[in-house]
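Structural overview for review
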Amino acid sequence: MVDEALGKTIGERVRELRGRLYTQRQLAERAGVSVDLVRKLEQGIRNTASVASLHRLARALDVTLADLIGRASLPEQDQAEGVTALRFAVSGVDDLIGSSAVMVDPLPRHEAERTLTYLWGTYWAGRYDDLTALLPSALHSLRATVDAGDDIQRPPAAELLARGYWVAGCTLVHLKQSDAALLAVRQAVEVAGEGTDPLLAATLRGSVAWQLLVSGRYAEAEALATRTAETAEPRGEVSLPELSVYGSLVLTAATAAARGQKGSRARDLLSASAQVADRMGGDRDDYQTAFGPSQVAMQSVDVGVQTGEYGSALKAAHMMPNEAAALPLASRARHLTDRALAHTRLGQHEQAGNLVTAAERMAPDWAKHQTLIKFVTRDLLRTPASRASRLRDLADRLGVR
């Protein structure tokens, strides 16, 4: 059946969903947006709004954001088109041509912060398709906010734009766009230089290291994470965010060392990061980056898998506090998949099947973009575990043969 919303603008969908339930003013008040925004959307004067405003409108109309934007706009219909728009958004040339090719209004600071909170929440939920549709307009709005700022407003606005580039870069990695991902996070580092937050700057360099790691540049990733950790190492009386940022950098270096088959070095770095986590006394999430005992346990499993020490990896899994409840959804799913790989290598196929099935059920949007879970599932299809209907169903959902 053809989607009736196909081809309709956001304003047309707002008008239809609002129907006879609310006036424009009532909807604006219910959503916490200006009536002028609702009016301009419905009249076609504006074709979009900030992510935060769209999210509030969707919530006020009791629909999902995808329903409000229009599922035809999401990249499931044409993912290449959505990815292309995101690639263009992170490689803008506004500074070279002296103006923006996309005319959008700057965002008030609280609106920009809400937008980023929503984008990062969507990222950690593994909903990369939604992000592909939302990020281009968000980046244009954040850039307009920086351009409109005075000497006092510009530094914090630049830090918000840096966070926008950062979430775009992280998303592009999962969409297998490594070149654009690295460009985005390098943009984030550059823009953050206009701000005044050294912890944000250090965290972004850690993200560059992670991008290098994902691209197979393990030595560079380890060197960058280690060098940044040395400059950010907290001394004396320090805050918990300082410890968290430092510990995360050390853990990134450990992961890079493991990928480079430097097992002893990786274990030394893991031990150092565990000491930082113990000093913190619990899990934290600073600068959109989880760190603490749970993250150390997760990466200990990953290091064991990468170095071929599968028994040690599964033993490390027992270190995980509270069944990984402190980890973001995507990280929990990745942790289950790492454990599944270890079980597969040890010939424990039933346990591996249980774990990959649980990971995909937990985060289906995440799973369809992940190579590792497809790799483990493909391996399991060659074992007696393939007789389980749930594993065959999983393989069908992931497109694995």
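Just so we're clear, the structure is a prediction, and the values are computed from it rather than from any experiment. (Residues numbered from 1 in each chain as written. Predicted model: local features only at pLDDT ≥ 70, side-chain atom pairs only at ≥ 80, totals over all residues. Heavy atoms only, no water.)

1. Details of the overall build of the protein
Short version of the rule: Only DSSP runs of H or I reaching four residues or more are called helices, and only runs of E reaching two or more are called strands; each is numbered from the N terminus. Between the two quantities, the radius of gyration covers C-alpha atoms and the globule rule is 2.2 Å times the number of residues to the power 0.38. Classification of residues uses two cut-offs on accessible area relative to the type maximum, computed with a 1.4 Å probe and protein chains only: under 20% is buried, over 50% is exposed, and between them is partly exposed. Throughout, a residue-residue contact means that at least one pair of heavy atoms, one from each residue, lies within 4.5 Å.
The number of helices and strands found in the protein is 22 helices and two strands. Computed over C-alpha atoms, the radius of gyration of the protein comes to 22 Å, within 12% of the 21 Å expected from 2.2 N^0.38 for 401 residues, which places it in the range of a compact globule. Looking at the protein residue by residue over its 401 residues, the buried ones come to 52%. Within the protein, counting contacts between residues at least 6 apart in sequence, those at least 24 apart form 65% of the total.

2. Topic: the nonpolar core
How we decide: Among the buried residues, those of types Ala, Val, Leu, Ile, Met, Phe, Trp, Tyr and Cys that are joined through side-chain atoms within 4.5 Å form a nonpolar core.
Leu57, Leu119, Trp166, Leu204, Val356 and Trp366 are the most contacted members of the largest nonpolar core, which has 123 residues in total. Take this core: its biggest share by element is twelve residues, from helix α10 (residues 154-174). Not counting the four nearest positions on each side in its chain, leucine 57 is found in contact with Leu27, Ala31, Val33, Val38, Leu41 and Leu68. Ranked by size, the runner-up nonpolar core spans five residues in total, among them Ala297, Met298, Met320 and Leu327.

3. With respect to the confidence of the model for the protein
Filter applied, for reference: The score called pLDDT rates the predictor's confidence residue by residue, from a low of 0 to a high of 100.
The predicted model of the protein has a mean per-residue pLDDT of 89, with 93% of residues at 70 or higher. Overall, residues 1-6 carries pLDDT values under 50, and its contacts beyond four positions in sequence, including any with other chains, amount to three contacts. With pLDDT under 50 throughout, residues 71-80 is counted as low confidence; its partners more than four residues away or in other chains account for 21 contacts.

4. A look at the pattern of salt bridges
Definition in use: The working definition used for a salt bridge is a side-chain nitrogen of Lys or Arg within 4 Å of a carboxyl oxygen of Asp or Glu.
One pass over the structure, following the stated rule, counts 21 salt bridges. The closest approach of N and O atoms between arginine 109 and glutamate 113, which form a salt bridge, is 3.1 Å. Taken together, the residues arginine 109 and glutamate 113, both in helix α8 (residues 109-124) and four residues apart, mark about one turn of the helix. Across the pair aspartate 286 and arginine 284 runs a salt bridge, and its minimum N-O distance is 2.8 Å.

5. Looking at the packing of aromatic side chains
Keep this limit in mind: Stacked, tilted and edge-to-face are the three classes assigned to paired rings of Phe, Tyr and Trp, where Trp is represented by its six-membered ring and a pair needs centres within 6.5 Å; plane angles under 30 degrees give stacked, over 60 edge-to-face, the rest tilted.
With the rule as written, the count across this model stands at four aromatic pairs. Arranged with centres 4.8 Å apart and planes meeting at 70°, the rings of tryptophan 120 and tryptophan 166 form a pair that is edge-to-face. On the criterion of sequence distance, the pair formed by tryptophan 120 in helix α8 and tryptophan 166 in helix α10 is long-range, its members being 46 residues apart. Take tryptophan 166: its relative accessible area is 4%, and that puts it in the buried class. When the ring of tyrosine 123 is compared with that of tyrosine 128, the centres are 5.9 Å apart and the planes differ by 55°; the resulting orientation is tilted.

6. Observations concerning unusual backbone geometry
Its identity is not glycine, yet aspartate 62 carries a phi of approximately 60°, on the positive side. Not every positive phi belongs to a glycine, and glutamine 288 is a case in point at roughly 55°. Along the chain, the position of glutamine 288 falls in the loop between β1 (284-286) and β2 (289-291). On the basis of relative accessible area, glutamine 288 is assigned to the partly exposed category, the value being 22%.

7. As for the environment of leucine 41
By the element assignment, leucine 41 lies in helix α3 (residues 35-43). For the pair leucine 41 and alanine 202, spaced 161 residues apart in sequence, the C-alpha separation works out to 40 Å. Here leucine 41 is in contact with Gly11, Arg46, Asn47, Thr48 and Leu57, once residues within four sequence places are set aside.

8. Notes on helix α9 (residues 128-148)
Just so we agree on the cut-off: Helix span, as expected, comes to 1.5 Å for every residue beyond the first. The quantity called bend is, for any residue, the angle between two axes fitted respectively to the seven residues ending at it and the seven beginning at it.
Counted at 1.5 Å a residue, the expected span for α9 with its 21 residues is 30 Å, and the 30 Å between its end C-alpha atoms agrees. Of all bends in α9, the biggest is about 40°, found at leucine 134, and the proline proline 136 comes one to four residues later. The buried fraction of α9 is high, at 18 of 21 residues.

9. A few points about the packing of helix α15 (residues 263-280) against helix α16 (residues 293-306)
Basically, it comes down to this: Whenever a helix is involved, its axis is fitted only over the stretch in contact; in every case the axis is a line through C-alpha atoms, and angles between N-to-C directions fall within 0 to 180 degrees. Relative orientations are named as follows: roughly parallel for angles under 35 degrees, roughly antiparallel for angles over 145 degrees, roughly perpendicular for angles from 65 to 115 degrees, and oblique for any other angle. When residue character is reported, Ala, Val, Leu, Ile, Met, Phe, Trp, Tyr, Cys and Pro are called nonpolar, Asp, Glu, Lys and Arg charged, and the others, Gly included, polar.
As a packed pair, α15 and α16 sit with axes 9 Å apart at the nearest point and diverge in direction by 170°. The angle between the axes of α15 and α16 places the two elements in the roughly antiparallel class. For the pair formed by α15 and α16, the contact residues are Ala266, Leu270, Ser273, Ala274 and Ala277 on the first element and Pro293, Val296, Gln299, Ser300 and Val303 on the second. Of the residues contributing to the contact of α15 with α16, the split by class is seven nonpolar, three polar and no charged.

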